[in-house]
Amino acid sequence: MRALGVLTIPVITVPVGMASASAVGVTVPPPPSKALPSALDIASPYQAQHLCDPHAKPGVVAFAKLMSGYYKLGTADYGITRNCNSGVTEHSEGRAWDWMLSVAKPNEKAVADAVTQWLSAPDALGRPGAMARRFGIMYIIWNHKMWRAYDPARGWATYTGSVPHTDHIHFSFSWDGAYGHTSWWTGKAITTVDPGPASTPTATTPNPTTPTPTTPKPTTPPQPPSAVYSLLVAGATGPDVALAQKVIGTTPDGVFGPKTQAALVAWQRAHGLKVTGQLDPATWAAMVALKLIPARSTSAPSTPSPTPSQPTTPAKPPTTPSPTPSQPTTPAKPPTTPSSALAPYAKLTLAQGATGAAVVALQKSLGITSDGAFGPQTMAAVKAFQTRRNLPATGIVGPATWAALMVTSGGSTTASRSTATPRVATPYTALLSTVLRVGSHGTAVRTLQRALGGLSVDGAFGARTAAAVKALQKATGLPQTGVVDVTVWQALENRDYPLRAYYGTVLRPGSRGAAVTALQNALRLTPDGTFGPGDESAVKALQGRAKLARTGVVATLTWQALEAELRRR
């Protein structure tokens with residue numbers, strides 16, 4: 001890099017724990033360069049956030065455009081601002097940027113390692129962090145490590161914040177860097193430190209495309225941290241984002257990116273909320289009401305925190321610059337526990353593509369992997385459940401399916417009284433963990449062939465058996481792999497023992513609900529969901545055919561007798 005009258009060759013050192021680009025076999029271009037003065041900008045002290053001014057500052061935007069454009073990775077219009085109630089974070093003043101590069105992608109990690117090395121390394125004159133100072137970068141966090149321009153002797157120290165920064169580099173800027181006062185932009189090294197704008201809101205934020213030597217005042221007044229969940233939008237980061245991500249069923253990395261927004265939209269739609277794509281008050285309230293997140297106080301502090309005047313000595317930097325949510329002062333009283341864990345979702349409609357807590361609850365009640373994503377396996381399980389309950393096998397979960405699930409899971413309803421449903425052993429129970437494919441042999445293959453029908457029960461898994469398995473998978477909405485795994489065994493079990501989940505449900509005249517509807521469908525009666533005199537007569541007739549006591553009350557033996565008749569039809 002040729003300075004004005006001085007040839008400066010940056011010395012590159014590798015931070016502890018970071019691999020060089022060549023170590024991973026990725027070629028990274030040399031860093032950007034331009035004519036720079038030989039004088040170096042004064043290193044900024046740590047300048048903590050003290051204002052609410054969430055507008056991207058021009059120096060930050062210019063740096064983001066330079067990096068993302070030069071390396072053709074990431075985007076400059078994402079990850080700069082954050083709401084003002086996320087704790088101490090320069091994002092709330094528009095002077096931080098999260099460059100979304102991942103350690104899991106070799107090319108991105110190589111670029112991230114090279115850039116962080118370039119910025120933090122000493123120059124030819126031994127001045128530490130020379131390039132960071134020319135941009136006004138205050139500190140950098142990347143891949144469990146943190147480097148501080150105001151304390152370069154620490155080098156790349158271990159970072160132990162709640163967000164490991166393995167999917168993005170965090171850059172925080174001084175006020176000089178935020179407004180582009182530094183030598184990279186002006187060609188002149190700064191010799192004094194700008195303490196930042198005053199707290200009185202008067203002027204508007206400048207055009208964020210070009211750095212300007214003028215420091216305007218913030219556009220919004222200072223706001224104390226909130227004890228309640230605050231509005232979070234795309235671009236936000238921090239522990240509250242991670243908390244919400246756990247609820248909506250996406251990776252809790254604390255970064256509100258496109259995937260998080262898509263999952264949030266699906267969650268809002270599934271819970272009957274206004275679809276905003278934002279973590280707004282209504283969404284937070286729904287999560288609290290469902291006891292998916294802890295309640296926080298809705299009362300503001302009695303006395304607003306005063307806006308600090310600019311200190312003459314640098315403020316002590318936080319141990320963890322990542323935002324920390326405020327602790328509640330008075331916990332809100334939790335809502336009354338519903339009679340069933342599924343009751344909060346009883347009026348929702350879920351279909352393939354949905355994500356979030358409702359899907360997790362659905363999957364748990366179906367006994368399948370509860371990953372919070374309504375995919376093909378969940379749809380197949382829903383269809384199988386609906387078939388067992390003699391409901392329309394649409395794969396869409398509506399009020400009738402929720403009601404049937406609540407009865408099955410032992411939750412109280414107005415439909416019927418239910419005891420805990422025991423797990424009933426079937427010929428398939430012991431085989432649920434058995435995987436069969438072409439070339440398999442033995443007793444399990446014979447059981448499979450008998451269940452599929454139309455095959456020679458020879459115990460040899462050949463092409464015809466594979467074709468029959470694919471036909472079953474297609475009919476039940478499973479991936480047509482021809483391989484028998486737990487989903488196939490469950491599909492056979494659901495087909496041949498469709499009423500076993502009701503074995504613990506007792507019905508008698510006057511009972512109502514989904515279990516009664518299932519009974520009526522199985523008996524080929526009008527499925528009105530009410531156990532009336534006609535239903536009692538039909539039950540007594542069934543019990544007579546099965547040589548059971550003709551009580552008219554449906555319990556385990558009657559359910560099993562009815563199921564046996566269904567298999568014979």
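In this text, all values refer to a predicted model and were calculated from it rather than measured experimentally.

### Some remarks on helix α14 (residues 486-496)
Counting buried residues in α14 gives eight out of eleven residues, a clear majority hidden from the surface. Among the residues of α14, those classed as buried are T487, V488, W489, A491, L492, E493, N494 and D496.

### Concerning the UniProt feature "domain: Peptidoglycan binding-like" (unreviewed entry) in the protein chain
With numbering aligned to this structure, UniProt lists the feature "domain: Peptidoglycan binding-like" (unreviewed entry) at residues 251-287, 368-405, 442-492 and 519-562. Helix makes up 54% of residues 251-287 and strand 0%. Its end C-alpha atoms lie 17 Å apart.

### With respect to the pairing of strand β3 (residues 145-148)
Going residue by residue along β3, you find K145 and W147 tucked away on one face and M146 and R148 tucked away on the opposite face as well. Hairpin remark: strand β2 (residues 137-142) followed by β3, antiparallel, with two residues in the connecting loop; positive phi at N143, about 50°. Sheet topology note: the β3/strand β4 (residues 157-158) ladder contains two bridges and is antiparallel. Each residue of the ladder has a partner; that of K145, found in β4, is T158.

### Things to note about helix α9 (residues 357-366)
Within α9, seven of the ten residues are buried, which leaves it mostly tucked inside the rest of the structure. All of the buried residues along α9 are A357, A358, V359, A361, L362, Q363 and L366. Of the residues trailing α9, G367 is marked for its positive phi of about 75°.

### Points about the side chain of H271
Along the chain, the position of H271 falls in the loop between α7 (258-270) and α8 (281-289). If sequence neighbours within four positions are ignored, H271 has contacts with L290, Y345, L348 and A358.

### What about the pattern of salt bridges?
Counted by the stated rule, this structure contains seven salt bridges. The salt bridge involving K109 is made with D113; its shortest N-O contact spans 2.8 Å. Of this pair, K109 and D113 both sit in helix α2 (residues 106-120), four residues apart, which is roughly one turn of that helix. The same class applies to K109 and to D113, which are both buried.

### A few points about the environment of P54
Of note, P54 is situated in the segment before α1 (58-71). As for P54 and T81, which are separated by 27 residues in sequence, their C-alpha atoms are 5.4 Å apart.

### Details of unusual backbone geometry
Of note, H165 is a non-glycine position whose phi angle comes to about 60°, a positive value. Tracing the chain through its elements places H165 in the loop between β4 and β5 (169-173). For H165, a relative accessible area of 3% puts it in the buried group.

### Things to note about the side chain of E93
Looking at the secondary structure, you find E93 in the loop between α1 and β1 (96-99). Assessed through its relative accessible area of 0%, E93 is described here as buried. For E93, the side chain forms a polar contact with the side chain of R95, separated by 2.8 Å. E93 has contacts with A48, Q49, H50, L51, D53, H55, K57 and W175, leaving out every residue within four places of it along the chain.

### Things to note about the packing of aromatic side chains
Applying the stated rule across the entire model yields 16 aromatic pairs. Measuring from centroid to centroid gives 5.4 Å for F63 and F173, while their planes differ by 70°, and the two rings are edge-to-face. Of this pair, F63 sits in helix α1 while F173 sits in strand β5, and the two are 110 residues apart along the sequence. Residues F63 and F173 agree in their burial class; the two are buried. Measuring from ring centre to ring centre gives 6.0 Å for W118 and F135, while their planes differ by 70°; the resulting arrangement is edge-to-face. Remark: F135 occurs in helix α3 (residues 130-135) and W118 occurs in helix α2; sequence separation between them is 17 residues. The residues W118 and F135 share a single accessibility class, namely buried. These aromatic residues form a ring-pair network of at least three members: F63, Y70, Y71, W97, W99, W118, F135, F171, F173, W184 and W185.

Calculation rules
Residues numbered from 1 in each chain as written. Predicted model: local features only at pLDDT ≥ 70, side-chain atom pairs only at ≥ 80, totals over all residues. Heavy atoms only, no water. Buried < 20%, exposed > 50% of the residue type's maximum accessible area, 1.4 Å probe, protein only. Helix = DSSP H or I, 4+ residues; strand = E, 2+ residues; numbered from the N terminus. UniProt positions renumbered as here; feature names shortened; annotations may be inferred. Pairing = 2+ DSSP bridges. Contact = heavy atoms within 4.5 Å. Salt bridge = Lys/Arg side-chain N within 4 Å of Asp/Glu carboxyl O. Polar contact = N/O pair within 3.5 Å; in protein donor to acceptor, adjacent residues only side chain to side chain. Phe/Tyr/Trp six-rings, centres within 6.5 Å; stacked < 30°, edge-to-face > 60°.

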